[in-house]
Protein chains: 2
Amino acid sequence: MSFPDPLASEQAQALPPALVTALDALLGARFSQKRGDRDQHAASESFHRGPPPDAVVWPDSAEEVSSILRACSQHAVPVIPWGTGTSLEGHALASRGGITLNLSRMDRVLEVRAADMQASVQPGVTREALNTDLRATELFFPVDPGANASLGGMAATRASGTTAVRYGTMRDNVLALQVVLADGRIIRTGTRAAKSSAGYDLTALFVGSEGTLGVITELTLRLQGQPEETAAAVCAFDTLQAAVDCVTVTIHSGIPMARIEFVDALTARAFNLHSGTSLPELPHLMVEFHGSATSVREDAARFGEIATEMGAAGFDWATTPEDRARLWRMRHGAYHAAFALRPGSVGVVTDVCVPMSHLADAVAGAAQDIAASGLVGPIVGHVGDGNFHSLLLIDPGNERQMAQAKALALRMAERALAVGGTITGEHGVGLGKRGLMAAEHGEGWQVMGAIKTALDPAGILNPGKLVPDCPAPPDCPAPDCPAPDCPAPG
Amino acid sequence: MSFPDPLASEQAQALPPALVTALDALLGARFSQKRGDRDQHAASESFHRGPPPDAVVWPDSAEEVSSILRACSQHAVPVIPWGTGTSLEGHALASRGGITLNLSRMDRVLEVRAADMQASVQPGVTREALNTDLRATELFFPVDPGANASLGGMAATRASGTTAVRYGTMRDNVLALQVVLADGRIIRTGTRAAKSSAGYDLTALFVGSEGTLGVITELTLRLQGQPEETAAAVCAFDTLQAAVDCVTVTIHSGIPMARIEFVDALTARAFNLHSGTSLPELPHLMVEFHGSATSVREDAARFGEIATEMGAAGFDWATTPEDRARLWRMRHGAYHAAFALRPGSVGVVTDVCVPMSHLADAVAGAAQDIAASGLVGPIVGHVGDGNFHSLLLIDPGNERQMAQAKALALRMAERALAVGGTITGEHGVGLGKRGLMAAEHGEGWQVMGAIKTALDPAGILNPGKLVPDCPAPPDCPAPDCPAPDCPAPG
């Protein structure tokens, strides 16, 4: 396994004049080839950078997306969907040139069906905007990756976050989609019913497909009732092992945790530096309980007993909504706070997820590897799911450190795969994890490629991401295959 | 929309001698062309009947399944996977001839990983066998369609049942699969981690694919902890409307129901006739609560208040495990009990699922239509999901009644689609619902066909089921398309 440089020998190309004319006629000022607009879509929240796309478009409707895709299909020009640009694996970068499809203008909450606990939204609606819209309904959308990402982007990357342990990921909370295919066809997947056995689960196929199979232009989301009662707490442990063991025991006990988050001693230090808190510089768990007044009291008491038995101390309960908001703002700010540990650095974020029985070993192994490398790398985790991240901080332009960080990330991925885990719990594949897909999926990766080819034969949708360039099986005899990662021998 | 006769002009053909020789060498006595073996695989639990397959094979391993599929691919002979034959839509019938792949010998529980709350099983393990195996672990597998189906078959049809309202369907409870593709390749999908964002969700694609994309040869299942406390009850309502309204209010209240089942007055009568019970001949709800002693008490009390307010009477609590087993045996026996209402009849089962806000109207509309038809058709439902069934009882061979039953089923499906529901909540497509797939999915049905063609280009896997015969888009110009349901104009 290796991390190839995904941008090597990939250069942007000029757009065909007929396509420029067509998009200009269709979109007017919402089609731009200006350097400033293009540069804004060449960066991401992580260290991944792309060449600027050849143009940016801002469609207003599924029909416009359809026209754009039809035109780009005709000219074999790549199209890269863009939500809010908060992805961490370079998903929305134009690594093979083409046109960035910025969906931020499609930001309407189309319908809230409170009686069915569902909302239909356009893809550019952010999760915070939806939850603001829902305030009057006593409902909320539970998936919370921290960033105020667009719901279309969250679906495209199968995002999750702190509340997945209770409410699931985007896989569990998207009921139906409207999708525009590469050839411009507009389809609907799923229904408004709670379940269906009517054929292939196309909704689940498009969720997590990272813009490589189609462009999501509408989502039907499952909502949750605001819990009658909420309580949250933070507590400290003497050792990383004790904190992670506490998670395992808690999850096995069946307590329906709404959140159970781990932060290591270094992250606690980062919070203190960044937010002026005065947490002990020890591993912590941050937890939340949702339910009736009785059940929250009972769940919190049971968790308290387990945690105390595992040596937890310094319980700090957040009882008011303001205190809870502060607690989770701190946790969600971990990515930015970590830079306080090494101002001016850039970060490489890891994202493995392992079965619960291997969590303690996986986190301890990662911590030891990071310590041995000499890099600064705080660890946080959605540990109720077995998912944890390290943020490896390196000096900009320091290639030795970047190589060290990538080697650490690779080692964590290998450890995760060795125990039946996954290379990415929630951040997705994008550019950063593509080199590991064959290691996780084996022949299954070729199957993903075959599906991609069936739905996007010209390969215009977000090329260079997620699927292999050549979906042929390994015994494909093509002697002069042009695919850079052709799996054929020789 | 119409229900075409799926067996019209479809005849079994003789097997190529080279294939017979190959399968005989591979499987010996586990390859049979005997009339008795073939006839056993021409029947189903429902009114659907198929021609007998040309042969039956009983593989022992994924490797044997792979060899069988490679050989059948080579000879373009259909392969139809078979679990326990309890499907209700004719999924496992050899409607276009070929070889039935009976997976009942692959019936080992491979591993129970209690610490991860997971089990790995072969596809022929039945859900009851798995739960028997799990008794010592304090864990259980929650999906319960009533029939003691094989877990491979349950995954293939995306089965659910009485507990889906709490624990989800097979979609939610299958973490990973081993699948043999049409060309014999053996792939693994998913991981043992609780979640993953590593590419297309192939697990979700194969779950519900009804043997048309691959043969499931191993499943990794999510298990649940046995609840500390369980309570169940049955209560009667004066009207169907009151019972269904009670469900809607209960679900909205957020009470985490473990089961909430509706049976109508006619079904209560069937239970009395069949099981010697003395239920009032009124609509009933049957409910179950799982949790801690405190939460079960609280949930049961809250439900009791809601139900009483909606006019429920005759609450009968099942407090011992024996009483609960009797209650759910009765509910699961509804399909067989119903025949007591009209001994000697055959049944046509419907299976729509609608958004909760439309449930009361959908059930009332179905009841009115059945009453107007003059047919006997009791209604039961997993109403917490918006899913309900009628069992339309007709005289064997009475074509007028069969046409009436199909017209009623069609009307229910149309009503469900009109409110954003689905033509099948849990029984799947098989032969019975294929004629309605275009109405539910539109162009999405062609997308399913394109995926099918990508993974099974020769179309040997369970042909004539689920997908269109021709996956081309409607503007396909082929003038002499041989597909019986070619969507091209003219």
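Numbers given for residues are sequential positions, taken from 1 along each chain in its written order. Chain letters and ligand numbers both follow the written order, the letters beginning at A and the numbers at 1. Where local features are concerned, this predicted model is filtered to residues with pLDDT of at least 70; where side-chain atom pairs are given and counted, the filter is 80 or more; whole-chain, interface and lining totals use all residues. Hydrogen atoms and water are omitted, and side-chain values are computed over all heavy atoms in the structure.

The name given to chain A in an unreviewed UniProt entry is D-lactate dehydrogenase (cytochrome), with the source organism recorded as Paracoccus nototheniae. UniProt positions are given in the numbering used here, feature names are shortened, and annotations may be inferred rather than shown by experiment. Turning to chain A, the UniProt annotation filed under Sequence similarities (unreviewed entry) states: "Belongs to the FAD-binding oxidoreductase/transferase type 4 family."

Topic: the overall build of chain A
Summing up its helical and strand segments, chain A has 17 helices and 18 strands in all. Throughout, radius of gyration means the C-alpha value; the globule benchmark is 2.2 Å times the number of residues raised to the power 0.38. For 490 residues, the compact-globule estimate of 2.2 N^0.38 gives 23 Å, and the C-alpha radius of gyration of chain A, at 23 Å, lies within 12% of that figure. If you line up chain A on its principal axes, its C-alpha atoms span 70 × 55 × 45 Å. When accessible area is computed with a 1.4 Å probe and restricted to protein chains, residues below 20% of their type maximum are described as buried, those above 50% as exposed, and intermediate ones as partly exposed. Across the 490 residues of chain A, 61% fall into the buried class. Put simply, of all contacts in chain A between residues at least 6 apart along the chain, 71% involve residues at least 24 apart. Working definition: helices are DSSP H or I runs of at least four residues, strands are E runs of at least two. Numbering for both runs from the N terminus. Any two residues having at least one pair of non-hydrogen atoms within 4.5 Å are treated as being in contact.

Describing the packing of aromatic side chains
Residue and element names in this part refer to chain A. Classification of ring pairs rests on two measures: the distance between centres of Phe, Tyr or Trp rings, Trp counted by its six-membered ring, which must be within 6.5 Å, and the angle between planes, read as stacked under 30 degrees, edge-to-face over 60 and tilted in between. Tallied over the entire structure, the rule returns twelve aromatic pairs over all chains. Note on Phe315 and Trp317: the rings are 6.2 Å apart at their centroids and 15 degrees apart in plane angle, and the pair reads as stacked. In this structure Trp317 comes out as partly exposed when scored by relative accessible area, which is 34%. One aromatic cluster is present, formed by Phe289, Phe303, Phe315 and Trp317 through successive ring pairs. Stacked on the ring of Trp328, the Lys or Arg Arg259 has its end atom at 4.6 Å from the ring centre. Charges are assigned to positions over rings by a cutoff of 6 Å between ring centre and Lys NZ or Arg CZ, combined with an angular limit of 35 degrees from the ring normal.

Some words on the pattern of salt bridges
Residue and element names in this part refer to chain B. When a carboxyl oxygen of Asp or Glu lies within 4 Å of a side-chain nitrogen of Lys or Arg, that pair is called a salt bridge. Considering all chains together, one arrives at 52 salt bridges over all chains under this definition. Taking the shortest distance from any N to any O, the salt bridge between Arg113 and Glu111 comes out at 2.8 Å. Residue class for Arg113 comes out buried when judged on its relative accessible area of 10%. Residue classification places Glu111 among the partly exposed positions, given a relative accessible area of 36%. Glu111 is the partner of Arg192 in a salt bridge, and the nearest nitrogen-oxygen pair spans 3.6 Å.

Quick notes on the interface of chain B and chain A
Contacts between the two partners involve 74 residues from chain B and, on the opposite side, 74 residues from chain A. When two parts are brought into contact, each loses some accessible area as probed by a 1.4 Å sphere; the total of that loss over both is the buried area. Summing the contributions of chain B and of chain A, the shared interface buries around 5,700 Å²; its carbon and sulfur component is 58%. Taken as a group, Lys195(B), Ser197(B) and Tyr200(B) account for 17% of the area that chain B buries against chain A, more than any other trio of residues on that side. Scanning the region where chain B abuts chain A turns up eight salt bridges. Ionic pairing is found between Lys195(A) and Glu426(B), a salt bridge with its closest N-O pair at 3.2 Å. The definition of a polar contact used here is a pair of N or O atoms within 3.5 Å, where within protein one atom must be able to donate a hydrogen and the other to accept one, and adjacent residues in sequence count solely through side-chain atom pairs. Joining chain B to chain A, the criterion identifies 41 residue pairs in polar contact (both at pLDDT 80 or more).

Overview of the confidence of the model for chain A
On a range of 0 to 100, pLDDT expresses the predictor's confidence in each residue. Considering every residue of chain A, the mean pLDDT works out to 93; 93% of them sit at 70 or more. Across residues 1-12 of chain A the pLDDT falls below 50, and counting only partners more than four positions away or on other chains, this stretch makes 23 contacts in the model.

Some words on the sheet that holds strand E8 (residues 174-180) of chain A
All names here are of chain A. Whether two strands pair depends on DSSP finding at least two bridges between them. Strand order in the open sheet made by the five strands is E5-E6-E10-E8-E9, with antiparallel pairing throughout. Both edges of this open sheet fall to strand E5 (109-113) and strand E9 (186-190), since each of them pairs with a single strand only. Mean inter-strand twist for the sheet, computed between neighbouring axes without regard to direction, equals 15 degrees. When E8 meets strand E10 (residues 215-222), the two strands line up antiparallel, connected through six bridges. Among the inter-strand pairings, Ala176 is bridged to a residue of E10, identified as Thr220. Every angle, taken between N-to-C directions, lies between 0 and 180 degrees, and every axis is a line fitted to C-alpha atoms, over only the stretch in contact when it is a helix.

What to know about the packing of helix H14 (residues 359-373) of chain A against helix H15 (residues 399-418) of chain A
Residue and element names in this part refer to chain A. Two numbers describe how H14 lies on H15: the axes approach to 10 Å, and their chain directions differ by 160 degrees. Judged by the angle between their axes, H14 and H15 are roughly antiparallel. Crossing angle aside, the handedness with which H14 passes H15 is right-handed. For the pair H14 and H15, contact is made by Gly365, Ala366, Asp369, Ile370 and Ser373 and by Gln404, Leu408, Arg411, Met412 and Arg415, respectively. Three classes are used, and their members are as follows: Ala, Val, Leu, Ile, Met, Phe, Trp, Tyr, Cys and Pro are nonpolar, Asp, Glu, Lys and Arg are charged, and the others, Gly among them, are polar. A class-by-class count of the residues in the contact of H14 with H15 yields four nonpolar, three polar and three charged. In what follows, roughly perpendicular refers to angles from 65 to 115 degrees, roughly parallel to angles under 35, roughly antiparallel to angles over 145, and oblique to any angle outside these ranges. Handedness of a helix crossing follows the sense of rotation of the near helix relative to the far helix, less than a right angle counterclockwise being left-handed and clockwise being right-handed.

Some remarks on the nonpolar core
Take the buried Ala, Val, Leu, Ile, Met, Phe, Trp, Tyr and Cys residues and link them wherever side-chain atoms come within 4.5 Å; each set so joined is a nonpolar core. One finds Phe141(A), Met170(A), Ile451(A), Phe141(B), Met170(B) and Ile451(B) to be the most contacted residues of the largest nonpolar core, which totals 92 residues. With residues near it in sequence (within four places) discarded, Phe141(A) still touches Leu130(A), Asn131(A), Leu134(A), Leu151(A), Met154(A), Met170(A), Asn173(A), Leu221(A), Arg222(A) and Leu223(A). Counting 46 residues, the second-largest nonpolar core is a separate cluster that includes Cys235(B), Phe237(B), Phe262(B) and Leu359(B).

Regarding the environment of Asp183(A)
All names here are of chain A. Within the secondary structure, Asp183 is located in the loop between E8 and E9. Separated by 126 residues in sequence, Asp183 and Val57 place their C-alpha atoms 17 Å apart. Apart from residues no more than four positions distant in its own chain, Asp183 is found in contact with Arg70 and Ser73. Within the local environment of Asp183, its side chain forms a polar contact with the side chain of Arg185, the two groups lying 3.0 Å apart.

As for the relation of the copies chain B and chain A
Its rotation angle being 180 degrees, the transformation that places chain B on chain A also includes 0.0 Å of axial translation and leaves an RMSD of 0.0 Å. The relationship between the two copies is best expressed as a two-fold rotation axis. When the copies are overlaid, the least-squares fit takes in C-alpha atoms only where the residue has pLDDT of at least 70 in both copies.

Observations concerning helix H12 (residues 321-332) of chain B
All names here are of chain B. Helix length check: H12 (twelve residues) gives 16 Å between terminal C-alpha atoms against 16 Å at 1.5 Å per residue, within 8%. Along H12, the residues classified as buried are Arg324, Leu327, Trp328, Met330 and Arg331. For H12, the arc enclosing every buried residue in end-on projection is 150 degrees, short of the 170-degree limit, so these residues lie on one face. Opposite the buried face of H12, by more than 90 degrees, sit the exposed residues Pro321, Glu322 and Arg329. Residue count minus one, scaled by 1.5 Å, sets the expected span of a helix. The directions from the helix axis to the C-beta atoms are what the arc is built from.

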